[in-house]
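Examining the three-dimensional arrangement
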Number of protein chains: 2
Amino acid sequence: MIATDINPALKPAEFLLGTWRGEGEGQYPTIRPFRYREEIRFSHNGKPFLIYAQRTEAIETGQPMHREAGYLRLVGDGRVEFVIAQPIGYAEISLGRVDGHRIDVECTSVARTPTAKPVTSISRSLWLDGDTLRYELKMALEGVPLARHLVASFSRVD
Amino acid sequence: MIATDINPALKPAEFLLGTWRGEGEGQYPTIRPFRYREEIRFSHNGKPFLIYAQRTEAIETGQPMHREAGYLRLVGDGRVEFVIAQPIGYAEISLGRVDGHRIDVECTSVARTPTAKPVTSISRSLWLDGDTLRYELKMALEGVPLARHLVASFSRVD
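The text that follows walks through the structure, step by step, so that each part is easy to find. (Residues numbered from 1 in each chain as written. Chains lettered and ligands numbered in written order. Predicted model: local features only at pLDDT ≥ 70, side-chain atom pairs only at ≥ 80, totals over all residues. Heavy atoms only, no water.)

So, the packing of aromatic side chains
All names here are of chain B. Applied cut-off: Only the six-membered ring of Trp is used, alongside the rings of Phe and Tyr, when aromatic pairs are assigned; centres must lie within 6.5 Å, and planes under 30 degrees apart are stacked while those over 60 apart are edge-to-face, with the rest tilted. By the criteria applied, helices consist of DSSP H or I runs no shorter than four residues and strands consist of E runs no shorter than two, each listed in order from the N terminus. Relative accessibility thresholds used throughout: buried, under 20% of the residue-type maximum; exposed, over 50%; partly exposed, between the two (1.4 Å probe, protein chains only). Two conditions define a charge sitting above a ring: the NZ of Lys or the CZ of Arg must be within 6 Å of the ring centre, and it must be within 35 degrees of the ring normal.
One pass over the structure, following the stated rule, counts 10 aromatic pairs over all chains. Ring geometry for Phe-49 against Tyr-71: centres 5.6 Å apart, planes inclined by 85°, an arrangement best described as edge-to-face. Of this pair, Phe-49 sits in strand S3 (residues 49–57) while Tyr-71 is found in strand S4 (residues 64–76), placing the two residues 22 residues apart along the sequence. For Tyr-71, a relative accessible area of 2% puts it in the buried group. The residue whose ring lies beneath Arg-102 is Trp-127, and the NZ or CZ to ring-centre distance is 4.8 Å.

Here we look at the relation of the copies chain A and chain B
Rules: Only residues with pLDDT of at least 70 in both copies contribute their C-alpha atoms to the least-squares superposition of the copies. Note on contacts: a residue pair is in contact if any heavy atoms of the two residues lie within 4.5 Å.
Mapping chain A onto chain B calls for a screw motion: a turn of 180° about the axis and a shift of 0.0 Å along it, with 0.0 Å RMSD after fitting. On this basis, the relationship between the two copies can be described by a two-fold rotation axis. Minimal C-alpha separation from the rotation axis in chain A is found for Ala-85 of chain A, amounting to 2.6 Å. Same-surface contact between copies: 100% of interface residues of chain A are shared with the interface of chain B.

Things to note about the nonpolar core
To keep things clear, this is the line we draw: In this text, buried Ala, Val, Leu, Ile, Met, Phe, Trp, Tyr and Cys residues form a nonpolar core when linked through side-chain atoms within 4.5 Å.
Within the largest apolar cluster, 38 residues are counted, with the highest numbers of intra-cluster contacts made by Leu-16, Phe-42, Leu-50, Leu-72, Ile-103 and Tyr-135 of chain B. With sequence-adjacent residues up to four places away left out, Tyr-135 of chain B is seen in contact with Tyr-36, Glu-38, Ile-40, Ser-125, Leu-126, Trp-127, Leu-150, Val-151, Ala-152 and Phe-154 of chain B. Grouped together as the second largest cluster of nonpolar side chains are 37 residues, Tyr-52, Ile-88, Leu-141 and Leu-150 of chain A included.

This is the structure in structure tokens:
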């Protein structure tokens, strides 16, 4: 791949670029707590968005668990727009801000397939803590208000 | 990557698996016709969906043009659900069917960011014609009814 200059609009989110590996913990009012291994990749192609992909797997067996992919758009004045597709039959638009080495977004629009899990909203925070990337994700389902679901931490591997 | 058995639910869409390269032609009532180079990849991780990613570039310069990513869910009885994120600030849920070596889907739900292009619907057909993968995509914008936008054809490279 030819190295491409980063788009100036991406500078506030440049701290996310790279491949990150780490582990996380899941919880939710309706399930038993669990742990997982995760890889996140943020890349770019010279345009004013980051290309986002992640996948998680079971720590013991390496079995694939979740994955998702999308784009983080930097639209000026610190505003960000996150477009994410999930294989559970769910697509989200989340809006928020980048402030220093921290991004907070909340779902403003959700599209679901007829067979999807009834996810109604997700809020995501993603921040750099020294050399460690961390996120926290809250999720609401039909009948379950927004509740903490995932926390994870990562080291950059590439 | 460890080879993983294909999920039996994916069998009807197995013909898509692999990396495909080709060229396409774009047109639309509001723009001048254009040509592009494209790579599409359909992969799987043992679950009942295909992992989808594609990107296009200018034929002359290799400059990145469009890209998108998502998941094609096989939900039984030939029904498919396509969840796609686009970096133009657009996420779509499209529903349809796989019939032989052909898939047709239409948008049933769209989520857009405040700064997104006003895409209101997309219909996609994707089929295998001998060894050639082909697609046709129609798009509607606010004020422009569904019109032919893209046609492309591909050879499998991997």
